[in-house]
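Tertiary structure, described
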Amino acid sequence: MGWLEKGVISLGGGESFADEMRRFFSGNGSLSKSPDFEFRAEQQEMAGEVAEALDEGRSLVIEAGTGVGKSLAYLVPAIEFALREGRKAVISTHTINLQEQLMGKDMPIVRKLLGEDFEAVLLKGRKNYLCPMRLRRAVDSGGDLFSSSEQEELMEIWRWSEGTKDGTRSDLDFEPSLKVWLQVCSEAHVCTQRVCGPRGNCFFQEARKRAQSARVLVVNHSLFFSLLDPEEMEREEEGGFLVPNDFVIFDEAHTLEGVAAKALGLQLSQSGLRFDLQRLYHPKTGKGLLKYAGADAAIEAARKVFDEADYFFDSIGDAVSFSDWGKECRVRQPDLVENTLAAPLRECWGLIEEAAEAEEDESRRAELREGARRLREVHGGVKLFLDQEDEGSVYWVEKTGYEGTAFSLNAAPVRVADRLRGLLFGLDKICITTSATLGTGDDGLSYFRQRVGADNVKAVQIGSPFDYAKQMSIFVMKSMPDPRDDDYEKMLIHWIERVLLKTQGKAFVLFTSHRVLRSVAEEMEEFFEENGLRLLAQGMGMPRQRMVEEFKDDVNSVLFGTESFWAGVDVPGESLSNVIITRLPFAVPDHPLTAARLEEIEAEGGNSFMGYSVPEAVIKLRQGVGRLIRTKKDEGMVVILDNRVVTKRYGKVFLEALPPAPVKVVD
């Protein structure tokens, strides 16, 4: 065990589980024996709160500032509780980075701390896993399913499959085309436990077995909601989520409402339907499952669906009006167009099912049935969108594709809280939500709680161990014009240049608009060249993760980023000494889902700006500012190039929600 003896956690006489955890995380507790241990009162407090909630069988909302060491503070009590009670701990995150940290760094530490060799499994969505049976069948029938270049990809996957232990797409050293990968990955109704399980070589089925027996299961939020079965939950006498009597901890819980709205809604794209049809039969190449099965009648039916799909989605595009700058159009009335897709879809899946019944090979029969099921799913989605029977949802059409010439049908619940209240926070359920940024300056984290249905759940706010008064300075440029002003971009460049010279780069410049980012990057090319600074701009061809790595390695670099760089990026040390906020991150109010949420607040007599727009922007600003100080040794400055924080009445809300650092207003 090294620095720990086995079984270090033991319940003292009459000591509660919460007190036990507080003792464990104390300055002279078992954890203090680690050479890397640094006592943090905030971490101790969080561990105690998590343990108390688990022991009392209730949910908890807990905000813990940057540097607390949240993952250990919830993992140690959660896993110890799971081991003692024979329950499964489900840990859900939003980002891959945190999943990798949990599995690669934190779980080994917890094993040492607890002296238990428990199994923790990272489960990905099944389409990430290779199915060897489907791969073998695809190789055998490659000439009927794939073009020559696709067959080359297929053989690359075959060679990789012979050596991979992980069996997931992220382990591949190249990015296969979607068509090829979807023909060899695990499919719910094809790669089944009955068909693939006994073989013992199916990566998803093996991962599923490990997940079922594991004491700890790590997933992402999207996968969690896809695995959630409300009807099954109602039938179970024991509380739980994914399995009976489990409990869940959502880290990065500030994303929960957005992920849940997407997961509980509808997304049906023209390109997705076309892709599904091409897997069945591709008119240009003459290849596909139906050709392989010799199902001539089904092929003709698939041709009809192809033609009708183009007509149907063209009519959708003609029936809506997009703004000059927007790619979404809200649909407020049912029956936007005639459902001309319904009959061709029914005919096609009926003929595919007939072909499946005539197929002697069980695996090939399963593939055909899966194709028919997908068409039934499209049929149901189109009907749901056109009927608009759910009055609690908002519906919209979105432009898709490179040139915006294709369309998708979308729906999402306006009030996610009504769905989540029972699903996550009902009786006999333990759901713990945590993040560094749940609060908006409100008491008791009330905004977050009411958005996700945790109205009656205990809330705790724990600060950061960092000394922000010494480590961070905040500057607000009062002379910046309003973002709608003609001189706004000119002044934006002026201040960015001045601030970057002060720190010699080492900065994140966070934008709310891709267009403004590109325009500013182009205008500042000469500045960067003259001053020996390297610019890494999002959307200029470099993958996000590589941009972060390049930024870390080059201390004289500057990173221009939008949405995905405001959160989930960790760059400790000198490389990041300066965070520039170009504009307060208000959500675009013309997105149909945002607009519907604002309308609902107004209809109930509330102020949608102060009740939704400002709190959402405050959380986003806190995330952006939070990129700067990641360790106790970090120092730097935050520069806000939006004078509304000092010229508007609501600006005070933003400033009060920021870390307790000195603020200087520059005229």
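All values reported here derive from a predicted model rather than from experimental measurement.

Together, V646, V663 and V665 make up a nonpolar patch on the protein surface, roughly 190 Å² of accessible area in all. Residue placement: V646 occurs in helix α28 (residues 644–647).

Turning our eyes to something else, we now look at the packing of helix α5 (residues 132–140) against helix α7 (residues 148–161). Between α5 and α7, the shortest axis-to-axis distance is 10 Å and the interhelical angle comes to 140°. One element, α5, and the other, α7, form an angle in the oblique class. Taken as a pair, α5 and α7 cross one another with a handedness that is left-handed. In this structure, α5 uses L135, R136, A138 and V139 to contact α7, whose residues at the interface are L154, M155, I157, W158 and S161.

Another aspect to go through is the sheet that holds strand β4 (residues 216–220). If you trace the 7 strands from one edge of the open sheet to the other, you get β3-β4-β2-β5-β10-β1-β11, paired in parallel fashion. Single-partner strands in this sheet number two, and they are β3 (120–122) and β11 (459–462). Averaged over all neighbouring strand pairs, the angle between strand axes comes to 15°, with direction disregarded. Alignment of strand β2 (residues 89–93) against β4, held across 5 bridges, turns out to be parallel. Residue pairing for β4: T93 is matched across the bridge by N220.

Moving on to the pattern of salt bridges. Where charged atoms from two side chains of opposite charge approach closely, those side chains can pair. Under the defined criterion, the tally for this structure stands at 51 salt bridges. In this structure, E80 and R84 form a salt bridge, with 2.6 Å as the shortest nitrogen-oxygen distance. Of this pair, E80 and R84 both sit in helix α3 (residues 70–85), 4 residues apart, roughly one helical turn. Owing to a relative accessible area of 8%, E80 belongs among the buried residues under this scheme. In this structure R84 comes out as partly exposed when scored by relative accessible area, which is 35%. A salt bridge links R111 to D117; the shortest N-O distance between them is 3.8 Å. Under the relative-accessibility criterion, D117 is labelled exposed at 72%. Connected through shared salt-bridge partners, K127, E187, D276, R279, E370, R373, R374 and E377 make up one network.

Calculation notes
Residues numbered from 1 in each chain as written. Predicted model: local features only at pLDDT ≥ 70, side-chain atom pairs only at ≥ 80, totals over all residues. Heavy atoms only, no water. Patch = residues over 30% accessible without salt bridge, like charges linked within 9 Å, V, L, I, M, F, W, Y side chains within 5 Å. Areas by Shrake-Rupley, 256 points an atom, 1.4 Å probe, with all protein chains shown as cover. Salt bridge = Lys/Arg side-chain N within 4 Å of Asp/Glu carboxyl O. Helix = DSSP H or I, 4+ residues; strand = E, 2+ residues; numbered from the N terminus. Axes fitted to C-alpha atoms, helices over the stretch in contact; angles between N-to-C directions. Parallel < 35°, antiparallel > 145°, perpendicular 65-115°, else oblique. Left-handed = near helix turned anticlockwise from the far one by under 90°. Contact = heavy atoms within 4.5 Å. Pairing = 2+ DSSP bridges. Buried < 20%, exposed > 50% of the residue type's maximum accessible area, 1.4 Å probe, protein only.

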